[in-house]
Amino acid sequence: MKQELFICPRCRTRLERTTPERFTCPHDGLEFWNVDGIWRFLLPESEAHYARFIRDYEAIRQAEGRGSNSAKYYQALPFKDLSGHLKRDWRIRARSFKLLVNRVLTKLQDPLERSLKVLDLGAGNGWLSNRLAAQGDRVFAIDLLVNDRDGLGAWKYYEHTFTPVQAEFNHLPIMDRFADVVIFNASFHYSEDYTQTLEEALRVLSPKGRVVIMDSPVYRRSTSGEKMVEEREAQFQEKYGFASDNLQSENFLTYSRLDELAKKLNIQWKFFTPFYGLRWMLRPLTSIFLQRREPSKFHLIVGRKHA
Ligand SMILES: C[S@@+](CC[C@H](N)C(=O)[O-])C[C@H]1O[C@@H](n2cnc3c(N)ncnc32)[C@H](O)[C@@H]1O
């Protein structure tokens, strides 16, 4: 790993590698350690902010039966869910992944004639990082979670090498203009401030790079998104005894919110829509027929900076 890559997530000074397992900020003296193979860049002042989210989120994900003790399970993602618990979810992830590779990454890589530098943001167990590392890309898996079933700790199960980094979207320890692609991997809607999160993504993006929002729910009307959040919180409350609502996440996107962000940040969006099957495609019609709220849409939303 080249040490000039990492910067202090608080003051953005270039870090010094003071031991093989430690970076130090020469400006404010903060130390960042590699523990169990994961670089820890979560700022001390952010730990309390995320503590309850992490606790609630991990409890729910465990109850949902996510993860496994078998390396085979992780290596087969997203194409097969060997646990059998969430097959439908992984089928969706696999379709999005194929579209990401075919329509975005391959096109970006061809003219560069080198492997891509990728940030997998909200990487969870790191399945995407593993797949892209297999293609030869240099990948950083970034997340708040470090547990080894559903978080970055699962890095040890994979056969391809990537760099697991514990950090938050809005304070990335990555130098300016480093990445060819920044991918929000089913995670953008967890952001508590889309503007700030995108500003940080654009900071680390190379001038010709792309920011990708994958598998985040999009609605035409914000009232539909609000209804979805209410339904989900009520469901969590009933099932687990808490609503898991302590982060002020934006939770969903609308087309007009995306327009607003594009104007504000000078981004141009392009939408790709994976085919998730006939039943999924007919959901808008089914919802009208059954008088249910508008269902979410998942697109691959690809942003580039205006020239
Ligand atoms: C729905 S999960 C997706 C996990 C994985 N990408 C996948 O496809 O299974 C969203 C992930 O985003 C992470 N996340 C949420 N807010 C974050 C933040 N502010 N900074 C970094 N990661 C965050 C969560 O910890 C979680 O692992």
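Predicted model, so just to flag it, every value in this text is computed and none were measured. (Residues numbered from 1 in each chain as written. Predicted model: local features only at pLDDT ≥ 70, side-chain atom pairs only at ≥ 80, totals over all residues.)

A. Main features of the overall build of the protein. Counting secondary structure elements, the protein contains nine helices and 12 strands. In terms of overall dimensions, the protein is globule-like: its C-alpha atoms have a radius of gyration of 19 Å, near the 19 Å expected for 307 residues. Its C-alpha atoms give the protein principal-axis dimensions of roughly 65 × 45 × 35 Å. Buried positions account for 35% of the 307 residues belonging to the protein. Once local pairs closer than 6 in sequence are excluded, the contacts in the protein between residues at least 24 apart make up 66%. (Helix = DSSP H or I, 4+ residues; strand = E, 2+ residues; numbered from the N terminus. Rg over C-alpha atoms; globule rule 2.2 N^0.38 Å. Buried ≥ 20, exposed ≤ 12 C-beta atoms within 10 Å, placed from the backbone. Contact = placed C-beta atoms within 7 Å.)

B. Inspection of the site of the ligand at higher detail. The local shell around the ligand holds 13 residues, among which Gly122, Gly124, Asn185, Ser187 and Tyr190 are the closest. Taken together, the residues of the shell around the ligand sort by class into six nonpolar, four polar and three charged. (Near = placed C-beta within 6 Å. Nonpolar A, V, L, I, M, F, W, Y, C, P; charged D, E, K, R; others polar.)

C. Region of interest: the environment of Pro173. Mapped onto the secondary structure, Pro173 falls in the loop between β7 (163-166) and β8 (179-185). With 27 C-beta atoms counted inside 10 Å, the residue Pro173 sits in the buried group. Taking the C-alpha atoms as reference points, Pro173 and Cys11, 162 residues apart in sequence, are found 9.8 Å from one another. The residues touching Pro173, leaving out its near neighbours within four places in the chain, are Phe6, Ile7, Pro9, Phe41, Val165 and Ala167.

D. Structural view of the pairing of strand β1 (residues 16-19). Two elements, β1 and strand β2 (residues 22-24), share three bridges in a ladder whose sense is antiparallel. When the bridges of β2 are listed, Arg17 appears paired with Phe23. The hairpin formed by β1 and β2 contains two residues between the paired strands. (Pairing = 2+ DSSP bridges.)

E. Highlighting the domain arrangement of the protein. Each assigned domain of the protein is listed here: domain 1 (1-35) and domain 2 (45-305). Here the C-alpha centroids of domain 1 and domain 2 sit 27 Å apart. In this complex, domain 1 contributes five residues to the contact, which on the side of domain 2 involves eight residues. Considering only residue class, the side of domain 1 that touches domain 2 consists of five nonpolar, no polar and no charged. (Domains from an automatic or database assignment.)

F. Molecular detail of the environment of Glu47. By the secondary structure assignment, Glu47 is in helix α1 (residues 44-63). A count of 11 C-beta atoms within 10 Å places Glu47 in the exposed class. Expressed as a C-alpha distance, the spacing of Glu47 and Gly225, which sit 178 residues apart in the sequence, is 28 Å.

G. Quick look at the pairing of strand β6 (residues 138-143). Among the six residues of β6, five are classified as buried, and the element is accordingly described as predominantly covered. Of the strand pairs in this sheet, strand β5 (residues 117-121) and β6 are connected by five bridges, and their pairing is parallel. Pairing of Lys117 across the sheet is with Arg138, part of β6. Handedness of the crossover joining β5 and β6 through helix α4 (residues 127-134): right-handed. Pairing analysis gives four bridges linking β6 to β7, with the strands arranged parallel. Each bridged residue has a counterpart across the sheet, and for Ala141 the counterpart in β7 is Pro164. (Right-handed = clockwise from strand over helix to strand, strands pointing away.)

H. Quick peek at the nonpolar core. With 63 residues, the main nonpolar core has Leu119, Ile142, Ala179, Val182, Ile183, Val204 and Val212 as its most contacted residues. Both domains that meet at this core, namely domain 1 (1-35) and domain 2 (45-305), each give it at least three residues. Discounting residues that sit within four places of it in the chain, Ile142 has contacts with Leu119, Asp120, Leu121, Ala123, Val165, Ala167 and Leu172. (Core = buried A, V, L, I, M, F, W, Y, C linked by C-beta atoms within 7 Å.)

I. Expanded view of the packing of helix α5 (residues 194-204) against helix α7 (residues 255-265). As a packed pair, α5 and α7 sit with axes 11 Å apart at the nearest point and diverge in direction by 50°. By the angle between their directions, the pair α5 and α7 is classed as oblique. In this structure, α5 crosses over α7, and the sense of that crossing is right-handed. Here Tyr194, Thr195, Leu198, Glu199 and Leu202 of α5 come into contact with α7, specifically with Leu261, Lys264 and Leu265. Tallied by class, residues from the contact of α5 with α7 come to five nonpolar, one polar and two charged. (Axes fitted to C-alpha atoms, helices over the stretch in contact; angles between N-to-C directions. Parallel < 35°, antiparallel > 145°, perpendicular 65-115°, else oblique. Left-handed = near helix turned anticlockwise from the far one by under 90°.)

J. Representation of helix α3 (residues 87-112). With 26 residues, α3 extends 36 Å from end C-alpha to end C-alpha; this agrees with the ideal 38 Å at 1.5 Å per step. When the local axis directions of α3 are compared, the greatest deviation, roughly 40°, occurs at Leu105. Within the span of α3, buried status applies to Trp90, Arg93, Ser96, Phe97, Leu100 and Leu105. Contact partners of the buried residues in α3: α4, β8, β9 (205-219) and β12 (297-305). (Expected span 1.5 Å × (residues − 1). Bend = angle between axes of the 7 residues up to and from the residue.)

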